[in-house]
Amino acid sequence: TKCGKCGPGYPTPLEAMKGPREEIIYLLCIYRNTGTEAPDYLATVDVDPKSPQYCQVIEPKDIHTKCELAYLHTSHCLATGEVMISSLGDRKGNSKGGFVLLDGETFEVKGTWERPGGAAPMGYDFWYQPRHNVMISTEWAAPNVFRDGFNPADVEAGLYGSHLHVWDWQRHEMVQTLPLKDGLIPLEIRFLHNPDAAQGFVGCALSSNIQRFYKNEGGTWSVEKVIQVPPKKVKGWMLPEMPGLVTDILLSLDDRFLYFSNWLHGDLRQYDVSDPQRPRLTGQIFLGGSIVKGGPVQVLEDQELKSQPEPLVVKGKRVAGGPQMIQLSLDGKRIYVTTSLYSGWDKQFYPDLIREGSVMLQIDVDTVKGGLKLNPNFLVDFGKEPLGPALAHELRYPGGDCSSDIWI
């Protein structure tokens, strides 16, 4: 197909790791619900250290459209040349976990991927693996539930997701639903990059854990918890215990390291998952968060830390928010991080983000022994955008990356 000729076209994940260093990154930047009357836009950031425009937004593009599709989230390219996008709800904001198909050349809507009437109860992210004839999708909540902020009563009412949905890739039908034991709000899902692997990981935001899903001996799918981030007992916050809130995860292309962000606690973590059933913590770094010293939250009991972390200041700017969306370089040696989750939740948990805008940071990775270290010379400040402070969100490379490429 024509789309098959686009991009570098690496034949395997390990070959992709040998690709050239990233020079630019695309970021979706949000103004909705921030009080700024401007459209959302796509920013291009220069990340080439040799460039005179290093760490600068070099080409913002207006992406405001009149598309009436409702609450779309994850997009993946298919081998057919089509683009598939997951949906969180219908046009009225009710929950509906369906999938939209676009023409890969014209981006015209072709219809839904699932059979009529076959959508999941809720939706969010998805990942497919044709070698195992499977797709697995996750669920957040109905847009009407989370749109204006987080209400703990909605959890008690069962309005947030706690299941994975397994689909037959060829028949476009849901064949299994996996209830997650202690797995509230499963968001980002990643199969191992090796296309022969029949397993992967999902980050459960509110329960703050990582669960491993896998094909069992009977040919169906199972799930087990493999990492738990303990909550912190606190004072001066909305609840007596604060979860880490795992919001984004990714795997290195060699399937050795798993990374995830705890948006509320403020730390980014690296785990060695050479043995996927027994992940081993190899790196951790705090990049802001809600429990920094001098803030409104006092930590009363902490199973991991002896003291509250220091506020993060990079190039003279105190970082608001916490690590949220993450992207890894192809060679696995650099992680790029943004600090905004969703404007309604940003307002609630990090109001400084709305006033000051989010930032983009870069972390150096030890790929031999494991470890994470802040690059003190890298900061992209979206508080200085021409139309006002913006909320930078997801990060993508022009030629593909660790969280969007699927090998078949």
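In the block above lies the structure referred to throughout.
Keep in mind that this is a model prediction, so the values were computed, not measured.

What counts and how
Going along each chain's sequence as written, the residues are numbered from 1 onward. Where local features are concerned, this predicted model is filtered to residues with pLDDT of at least 70; where side-chain atom pairs are given and counted, the filter is 80 or more; whole-chain, interface and lining totals use all residues. With hydrogens and water stripped out, all remaining heavy atoms of the structure feed into the side-chain values. We count a stretch as a helix when DSSP gives it H or I for four or more residues in a row; a strand needs E for two or more, and each element gets its number in order from the N terminus. Only protein chains enter the accessibility calculation, which uses a 1.4 Å probe; a residue whose area is less than 20% of its type maximum is buried, one above 50% is exposed, and one in between is partly exposed. Here, a strand pair is defined by DSSP locating no fewer than two bridges between the strands. Here an axis means a line fitted to C-alpha atoms, over the contact stretch when the element is a helix, while the angle between two N-to-C directions is reported on a 0 to 180 degree scale. Classification of ring pairs rests on two measures: the distance between centres of Phe, Tyr or Trp rings, Trp counted by its six-membered ring, which must be within 6.5 Å, and the angle between planes, read as stacked under 30 degrees, edge-to-face over 60 and tilted in between. For a lysine, the NZ atom is tested; for an arginine, the CZ atom; a charge sits over a ring if that atom is within 6 Å of the ring centre and within 35 degrees of the ring normal. Within this document, salt bridges are pairs made up of a side-chain nitrogen of Lys or Arg and a carboxyl oxygen of Asp or Glu, the two lying within 4 Å of each other. Each nonpolar core is a collection of buried residues, namely Ala, Val, Leu, Ile, Met, Phe, Trp, Tyr and Cys, held together in the definition by side-chain atoms within 4.5 Å. What makes two residues a contact is simply this: any of their non-hydrogen atoms within 4.5 Å.

Draft legend 1. Focus on unusual backbone geometry. Located in the positive-phi region is Phe-107, a residue other than glycine, with phi close to 60 degrees. Along the chain, Phe-107 turns up in the loop between strand E6 (99-102) and strand E7 (109-112). Given the relative accessible area of 53%, Phe-107 is considered exposed.

Draft legend 2. Quick look at the sheet that holds strand E19 (residues 257-262). Strand order in this open sheet of four strands is E18-E19-E20-E21, and the pairing throughout is antiparallel. The open sheet has two edge strands with one neighbour each: strand E18 (246-251) and strand E21 (280-286). Across this sheet, the average inter-strand angle for adjacent strands is 20 degrees, counted without regard to direction. The pairing of E19 with strand E20 (residues 267-272) spans six bridges and is antiparallel.

Draft legend 3. Layout of the packing of aromatic side chains. With the rule as written, the count across this model stands at 25 aromatic pairs. Ring plane angle 85 degrees and centroid distance 5.8 Å describe the contact between Phe-99 and Trp-113, whose orientation is recorded as edge-to-face. Of this pair, Phe-99 sits in strand E6 while Trp-113 is found in the loop between E7 and strand E8 (126-129), placing the two residues 14 residues apart along the sequence. In this structure, Phe-99 and Trp-113 share a single accessibility class: buried. An aromatic cluster is defined as three or more aromatic residues linked by ring pairs; in this entry it consists of Tyr-124, Trp-140, Phe-146, Phe-150, Tyr-160, Trp-237, Trp-263, Tyr-342, Trp-345, Phe-349 and Tyr-350. Across the ring face of Tyr-214, the terminal group of Arg-212 is positioned such that the distance to the ring centre comes to 4.2 Å.

Draft legend 4. How the structure looks around the pattern of salt bridges. This structure, assessed with the given rule, holds 26 salt bridges. Asp-248 serves as the salt-bridge partner of Arg-190, at 3.5 Å between the closest nitrogen and oxygen. With Arg-190 in strand E12 (residues 186-191) and Asp-248 in strand E18, this pair connects stretches of sequence that are 58 residues apart. Its relative accessible area of 1% is what places Asp-248 among the buried residues. Members of the salt-bridge network, linked through shared partners, are Arg-115, Asp-168, Arg-171 and Glu-173.

Draft legend 5. Seen up close, the nonpolar core. Counting 32 residues, the largest nonpolar core has Trp-140, Tyr-160, Leu-245, Trp-263, Leu-264, Trp-345 and Phe-349 as the members making the most contacts within it. Those elements that place two or more of their residues in this core are helix H2 (143-146), helix H4 (343-349) and helix H5 (351-356). The contact partners of Leu-245, leaving out residues within four places of it in the chain, are Ala-205, Leu-206, Ser-208, Ser-261, Asn-262, Trp-263, Leu-264, Leu-341 and Trp-345.

Interpretation in functional terms is not warranted from these geometric data alone.
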